[in-house]
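Structural features, examined
As a plain string of letters, each chain reads:
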Amino acid sequence: MTLPETQTILAGLRTIVVGEVDAPIVIVMCHGYSMLPEELSPFAHTLGVSAQWFFPEGVVDAEPEPGVLRGRSWWKTDPVKRVSARASGPRDFANLQPADLPQARARFSAWLDEVLRLARRRPVIVGGFSSGGMLVLDTQLHAPRPLAALVLLSSTRIAFTQQKPLLSGLAGLPVLITHGRADDELAFAAGQALRDAAQAGGADVNWLAFEGGHEIPLVVWRGLRQFLRRF
């Protein structure tokens, strides 16, 4: 059966919505740096999970850099510094504190409140890939909401000095965390540190390490489907 797919504006953000309005669960998925929601929305059609999906678009234009298609981002990134930093190898963003992260959090928070209103008390699972996952976790820590679960795909901690005192807000929350052992964008050790931080906060962590890079391969597709079917 082909699922209905529409576009709308929620809290000022262009949003792709896939699935029936009476589906039993609601799933949010945020894209990563220099991406668009269209790059993740096919998951709603292929995972075989009975859900209504929401895919928001990042709040700012991603600055173009060599070899990267221009899309959207959640906070501003200097493309020259980004390329220079990548040259030194995979990174951990735990000490990074983007100046506009609070604004991104506020915009996403307002958007998420709209989704929660539309959910009408259905279980809501919120996830993201790469920087989308960073924003999802940061938002939940600073402004906790009654979510059913989090999904953090190939992500890491960010502004961790601010996040660390808030980790107890994850207590009892199911969290799926995936990371590639050969990730050349975000270090595998950064993914492990994210896992450890969530566990330290009392989250019910499902950890999936895979042989691959900064991506969402078939093994993650299967792991995500299994995780979502719990709800």
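Reading the values: rules and limits
- Residues numbered from 1 in each chain as written.
- Predicted model: local features only at pLDDT ≥ 70, side-chain atom pairs only at ≥ 80, totals over all residues.
- Heavy atoms only, no water.
- Salt bridge = Lys/Arg side-chain N within 4 Å of Asp/Glu carboxyl O.
- Helix = DSSP H or I, 4+ residues; strand = E, 2+ residues; numbered from the N terminus.
- Buried < 20%, exposed > 50% of the residue type's maximum accessible area, 1.4 Å probe, protein only.
- Contact = heavy atoms within 4.5 Å.
- Pairing = 2+ DSSP bridges.
- Axes fitted to C-alpha atoms, helices over the stretch in contact; angles between N-to-C directions.
- Phe/Tyr/Trp six-rings, centres within 6.5 Å; stacked < 30°, edge-to-face > 60°.
- Lys NZ or Arg CZ within 6 Å of the ring centre and 35° of its normal.
- Expected span 1.5 Å × (residues − 1).
- Parallel < 35°, antiparallel > 145°, perpendicular 65-115°, else oblique.
- Nonpolar A, V, L, I, M, F, W, Y, C, P; charged D, E, K, R; others polar.

Let's shift gears to the pattern of salt bridges. Counted according to the given criterion, the structure contains 12 salt bridges. For Arg181, the salt bridge identified is with Glu211, shortest N-O distance 2.9 Å. One end of the pair, Arg181, is in the loop between β9 (174-180) and α6 (188-200); the other, Glu211, is in the loop between β10 (204-210) and α7 (218-228), and 30 residues separate them in sequence. The exposure class assigned to Arg181 is partly exposed, which follows from its relative accessible area of 45%. Given the relative accessible area of 69%, Glu211 is considered exposed. Because the salt bridges share partners, they merge into one network encompassing Arg14, Glu38, Glu57, Asp61 and Arg72.

Here the focus is the environment of Arg195. You can see Arg195 is positioned in helix α6. Its relative accessible area of 17% is what places Arg195 among the buried residues. Ignoring sequence-local partners within four residues, the contact set of Arg195 consists of Ile177, Val205 and Trp207.

Before going further, it helps to spend a moment on the sheet that holds strand β4 (residues 51-56). Strand order in the open sheet formed by eight strands is β1-β2-β4-β3-β7-β8-β9-β10, with mixed pairing between adjacent strands. Either end of the sheet is taken by a strand with one partner, and the two such strands are β1 (5-10) and β10. On average, each strand axis in the sheet is tilted by 20 degrees relative to the strand beside it, whichever way the strands run. Note: strand β8 (residues 149-153) against β9, four bridges, orientation parallel. By the bridge assignment for β9, Leu152 is matched with Ile177. The sheet contacts of helix α3 (residues 101-119) involve β1, β2 (13-18), β3 (25-30), β4 and β7 (124-129), and relative to β3 the element is tilted by about 160 degrees.

Here the focus is the packing of aromatic side chains. How two aromatic rings sit relative to each other is set out by the distance from centre to centre and by the angle between their planes. Scanning the entire structure with this criterion turns up five aromatic pairs. Centre to centre, the rings of Phe188 and Trp207 are 5.9 Å apart; their planes meet at 45 degrees, and the pair counts as tilted. With Phe188 in helix α6 and Trp207 in strand β10, this pair connects stretches of sequence that are 19 residues apart. Ring-pair connections join several aromatic residues into one group, and the members of that group are Trp74, Phe108 and Trp111. Positioned above the aromatic ring of Phe160 is the side chain of Arg157, whose terminal nitrogen or guanidinium carbon lies 4.6 Å from the ring centre. Here Arg195 stacks its cationic end above the ring of Trp207, 4.9 Å away from the centre of that ring.

All right, on to helix α4 (residues 131-142) then. Relative to the 16 Å expected for 12 residues at 1.5 Å per residue, α4 spans 16 Å between its end C-alpha atoms, a close match to the ideal helical length. Most of α4 sits inside the fold, with 11 of its 12 residues counted as buried. For α4, every residue scored as buried is listed here: Ser131, Gly132, Gly133, Met134, Leu135, Val136, Leu137, Asp138, Thr139, Gln140 and Leu141. Among the structural elements, β3, α3, β7, β8, α5 (160-163) and α6 are those in contact with the buried residues of α4.

Now for the packing of α3 against α4. Relative orientation of the contacting elements α3 and α4 amounts to 80 degrees, with a least axis distance of 10 Å. When the axis of α3 is compared with that of α4, the two are roughly perpendicular. For the pair formed by α3 and α4, the contact residues are Leu101, Ala104, Arg105, Phe108 and Ser109 on the first element and Leu135, Val136, Asp138, Thr139 and His142 on the second. Class assignment for the residues of the contact of α3 with α4 results in five nonpolar, three polar and two charged.

Extensive coverage of β3 is indicated by the burial of six of its six residues. Both faces of β3 are covered, namely the face carrying Ile25, Ile27 and Met29 and the face carrying Val26, Val28 and Cys30. Two elements, β3 and β4, share four bridges in a ladder whose sense is parallel. Pairing of Val26 across the sheet is with Gln52, part of β4. Where β3 and β7 come together, five bridges link them in parallel fashion.

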